[in-house]
Amino acid sequence: MSNPAPTQFDPHDRHVGLLAAWGRYPILVAEALKREGYRITCLGVVHHADPVLRDMCDEFTWIGLAKLGRAIRFFQRHGVRQATMAGKFHKVLMYQPRVLWRHLPDWKFIKTFYGYIFTHKQDRKDDTLLGALVDAFAAEGIAFRPATDFAPELLVKPGQIAGRRPSAGQQADIQFGWDIAKQMGGLDIGQSICVKDRAILAVEAIEGTDECILRAGQLCRQGGFTIVKVSKPQQDMRFDVPTVGVRTLRTMVEAGATVLAIEGGRTILLDDEEFRQFAEHQKLSVVALSVPAPATAAA
């Protein structure tokens, strides 16, 4: 799998296809596209995308998770040559009973994912499956671009985002967790890790960040733990970019976490002002780092 070269995109093309999954991110991307004067043709993934997108986009249709051929034809019919995806795909749905009967995959989906889902000869890592997805669109003349090409302001800048600087002990936990989280990302396991006193409480896998945080809270009843969320060393910015928002902070409060360390320049921060206000109100420390500094005395 290779990233598309910038020369594949026409800088004068003001028409973008949006593949919208779960969460606030697709809505913010659509808002950014409208501000920049793009025409938006949107595929809203059933049971994932927010219905508000229907009124925000110029063309919209709902699409099933396994209707890949229909998705490609919809973009082609509306003249889409460049597209972007935003939002989370709930991978756990793959392991529901009778999943194929529930979603009735079309022929294009079967051909594309035969070795991953039907014969199990290839792995089901996030990068593997999403890479196969964008490659299937590319083979039909539709190249995917990172959503942050259109909304770069959503990438958080390094610095203290909210609350006090982490204490020396918390900085040590960040450094400890950061190194391990990067190794996890290199294996395409997950992006988040929960740490307390340089002990790993929980690591993210298929369940997602929120469930990882809640599990850490169940295991560490005294609370006061740190969450580290980073990009993968091989991060493809077209998909699965680390994302945090107010929902992340609410989960932290419920679980008893007090510090969130994210990667500056490679993490999407949703609803920036609301995020900062909520963190300050709940006395949470949020810091964006390029590389964590060695532990020092807190300011």
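Look above for the structure.
Attention here is on the structure that accompanies the text. Here, residues in each chain are numbered from 1, in the same order as that chain's written sequence. pLDDT decides what is reported in this predicted model: residues at 70 or higher carry local features, side-chain atom pairs at 80 or more are listed and counted, and totals for whole chains, interfaces and linings draw on all residues regardless. Hydrogens are left out, water is left out, and the side-chain values use all remaining heavy atoms of the structure.

## Side note on the pairing of strand β1 (residues 15-20)
Relative accessible area decides the class of each residue, using a 1.4 Å probe on protein chains only: under 20% of the type maximum gives buried, over 50% gives exposed, and in between gives partly exposed. Here a helix means four or more residues in a row that DSSP labels H or I, a strand means two or more in a row labelled E, and each is numbered from the N terminus. Among the 6 residues that make up β1, 6 are buried, leaving the element largely enclosed by the rest of the structure. Covered by surrounding structure in β1 are H15, G17 and L19 together with V16, L18 and A20, the residues of both alternating faces. We call two strands paired when DSSP finds no fewer than two bridges between them. Of the strand pairs in this sheet, β1 and strand β2 (residues 39-45) are connected by 6 bridges, and their pairing is parallel. Looking across to β2, one finds that V16 is bridged to I40. Between the parallel pair β1 and β2, the chain is carried across by helix α1 (residues 25-35), and the sense of this crossover is right-handed. Where β1 lies against strand β4 (residues 82-86), 4 bridges are found, and the strand directions are parallel. Looking at the pairing, L18 lines up with T84 of β4. Here is how to tell: hold the view so the strands point away, follow the path from the first strand over the helix to the second, and if it runs clockwise the crossover is right-handed.

## Things to note about the packing of aromatic side chains
The criterion for an aromatic pair is that two Phe, Tyr or Trp rings (for Trp, the six-membered ring) have centres within 6.5 Å, with stacked assigned to planes under 30 degrees apart, edge-to-face to planes over 60 apart and tilted to the rest. Under the counting rule described, the total for this entry stands at 7 aromatic pairs. Ring plane angle 50° and centroid distance 5.9 Å describe the contact between F75 and F137, whose orientation is recorded as tilted. Of this pair, F75 sits in helix α3 (residues 68-77) while F137 is found in helix α6 (residues 126-138), placing the two residues 62 residues apart along the sequence. The exposure class of F75 is buried, given its relative accessible area of 0%. Following the ring pairs from residue to residue traces out a cluster consisting of F75, F137 and F144.

## Side note on the environment of I227
Here I227 lies in strand β9 (residues 225-229). Take I227: its relative accessible area is 0%, and that puts it in the buried class. As for I227 and G177, which are separated by 50 residues in sequence, their C-alpha atoms are 8.0 Å apart. Every residue pair with non-hydrogen atoms within 4.5 Å of one another is taken to be in contact. Once residues within four sequence positions are removed from consideration, I227 is found in contact with I193, C194, I213, M252, A257, V259, L260 and A261.

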